Amino acid sequence: MKLLPFEYAVRNLGRNPLRTALSVGGASLVAFLVLGAAAFVTGMRQSLAVSASPDNVILLGTGSEESIERSQLAFRSAAVVAASLRGIRRRLGVPYVSPEVHVALSVTRTASEQSGRLTVIRGVTSAAFLVHPALEIVQGRVPVQGQNEVLVGERLADKLGLPPEDVAVGRTLHFDGQPWTVVGRFSAPGTVMNAEIWTALTDLQVVTQRDTLSCVILTLDPAQGELADVQAFAAQRLDLELTALAEAEYYAGLDAFYRPVRILIMLTAGLIALGGVLGGLNIAHAAFASRARELGTLQVLGYLRGAILVSLIQESLIGHAAGALVACGLGYALLDGLSVRFSMGAFGLVVDGAVVATALGAGLLLGVVGTLPPAFRLLSAEIPESLRA
Amino acid sequence: MSFVECRALERTYTRGDNTITPLRALDLEIEQGTFLALMGPSGSGKTTLLNLLAGIDRPSSGELRIDGQEITTLSRAALARWRSVAVGYVFQLYHLVPVLTAYENVELPLLLHDLSRKERHRRTALTLELVGLADRHDHYPRQLSGGQEQRVAIARALVTDPQLILADEPTGDLDAEAAKGIMTLLAALHRDLGKTLVMVTHDPKTATFADLTLHLEKGRLVSPATVGADAPAEGGA
């Protein structure tokens, strides 16, 4: 099949600049929305996936596998585990066993503020820095016990909806009716920890009036320990009421928990894209209908309807590709890394190659789907009918 | 064997409950190299016959043989290929592609043939020169007068060197002077290149350029063949 010259498709875009602008704008809008939705989904999934260390095991209270905040463990659990369980990684004799308390509290800048944002506060010991290797203190120091001091994650300001200077080292935050001084800032890129507040374990236990732990996180030595050993230990020590989960499994559960949210977001983007398709159909129909005679003439010259259809699709794809590229450029500039708050903390939108490809694909698909019905309708007419149009 | 042979050619359309028959059992033979004018009132079947000869419409019944090829049995794709080789069509309203230059419009049918770029250029330039537009290669249709646009359309019809040229009211949208220029050109091309030319017209003056004028009425031939210059004067309908 001999095709029409490519220049024909390109130059047709200049026939009606307003119509072309609407078409490119529509494609751009749809691609931008799809890119935003895909960046959200990717960012959320990556934050949950990155948060897990491969050799880490989480010990939770029996029956609370889905939520660390609801979990309760006896305070002695960490010491018992460290002393009894073989295969735990050690450094200079110090076991990688981190007893932790996780609570979600309302955090404000001043004592007088009535309502703040719920934020995960994690009470930890120095062992936490062993089992969470992704975390790095980038400014200041670790909190000293008994001083109401906190260490804040890099995305905390985003999570609280505050300017970064409000959570800088030296500033004070308020939760549970008490002031807490920021003495350090940490970075744990791409993880849920990045939007948390960390403080000394006993300080948090005191203010929350609890003598239990939320969880114990331990790191296995891959050469000596296995998850099955920890699970066997948890099963045998009925007095501790423990459940052992691989950290990856725990975050996979969270990932599954948030799947409906992601589906809803993609569905919304899809519905908006559908609106874009309908708008595109109108634009394409108007654009092609005004050229019925010309398309009939091309058939008189000997061009097959398939060749004309290819040219119409080329024309549409050029416009839609331009729109989608603009959307991807804007999306990368405006959305990549943008913080989004959710109940676990905050995560950054991720505009990576796959996300860009998804948005480009959506833009191009819109071009093809929006072109076919009006093109088929026009080209199905007999030639004399087209020439009389 | 004649160049064009129509046997009991009939075209019927159905519009709702109505059946329209613009062409009824037409028998016609046209010899190669003839310049034939088709005249008749609106709805007499002139354009329908022209469309059938061009292979852009199909008869409801009958036979149509052109240069020995029965075209009523060809598939849609085969018919398109046949058109690209055998027929040149000139429209009343030129139907040039507005986003292409005069040169590109004329070159357009050649892209369907396996020709080198150089050969396409040679043929396109030669044909534009033939219609007197050698200096208008880069002009877009909107930059040309009606007469010039029709010359480009004629060049487009001629560029593939088809044996049959069909023209549907080629001067219908032109002023008298431009119309005379176009008819002089068509007559000269017919004379010099020996093409078979079938032209539909309402205008008796235009018909005088043809060798032969046939009259159609209600889908039938109503007058015997007459030599061009002696064609009876007729009011356009």
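These numbers come from a predicted model, not from an experiment. (Residues numbered from 1 in each chain as written. Chains lettered and ligands numbered in written order. Predicted model: local features only at pLDDT ≥ 70, side-chain atom pairs only at ≥ 80, totals over all residues. Heavy atoms only, no water.)

Next up on the list: the overall build of chain B. Along its length, chain B carries seven helices and eleven strands. For chain B, the C-alpha radius of gyration of 18 Å lies close to 18 Å, the compact-globule estimate for 237 residues. Principal axes of the C-alpha set define a box for chain B whose edges measure 50 × 40 × 40 Å. Buried residues in chain B amount to 54% of all 237 residues. Considering only residue pairs separated by 6 or more positions, chain B has 68% of its internal contacts joining residues 24 or more positions apart. Carbon and sulfur atoms form 48% of the exposed surface of chain B, whose accessible area is close to 10,300 Å². In chain B, the 25 positive side-chain charges and the 30 negative ones have mean positions that sit 5 Å from each other. (Helix = DSSP H or I, 4+ residues; strand = E, 2+ residues; numbered from the N terminus. Rg over C-alpha atoms; globule rule 2.2 N^0.38 Å. Buried < 20%, exposed > 50% of the residue type's maximum accessible area, 1.4 Å probe, protein only. Contact = heavy atoms within 4.5 Å. Areas by Shrake-Rupley, 256 points an atom, 1.4 Å probe, with all protein chains shown as cover. Lys, Arg positive; Asp, Glu negative; His and termini not counted. Charge placed at Lys NZ, Arg CZ, Asp CG, Glu CD.)

Moving on, we come to the confidence of the model for chain B. All names here are of chain B. A residue-level look at chain B finds 94% of positions with pLDDT of 70 or above and a mean pLDDT of 90. Per-residue pLDDT, averaged within each element of chain B, yields its smallest value for strand β11 (residues 226–227) (36) and its largest for helix α3 (residues 102–107) (97). Scored as a complex, the prediction yields pTM 0.78 and ipTM 0.92. (pLDDT = per-residue confidence, 0-100.)

All names here are of chain A. Following the criterion strictly, the structure yields seven aromatic pairs over all chains and no others. Geometrically, the ring pair formed by F129 and W198 is tilted, given 5.8 Å between the ring centres and 55° between the ring planes. Here F129, found in helix α4 (residues 128–131), pairs with W198, found in strand β11 (residues 197–200); they are 69 residues apart in sequence, far enough to count as distant. Summarising the aromatic geometry, the rings of F175 and W180 are spaced 4.6 Å apart at their centres and angled 10° between planes, so their arrangement reads as stacked. A single burial state applies to F175 and to W180, both of which are buried. By way of ring pairs, the aromatic residues F129, F186 and W198 are connected into one cluster. Over the face of the ring belonging to Y96 we find R89, whose NZ or CZ atom lies 5.6 Å from the ring centre. (Phe/Tyr/Trp six-rings, centres within 6.5 Å; stacked < 30°, edge-to-face > 60°. Lys NZ or Arg CZ within 6 Å of the ring centre and 35° of its normal.)

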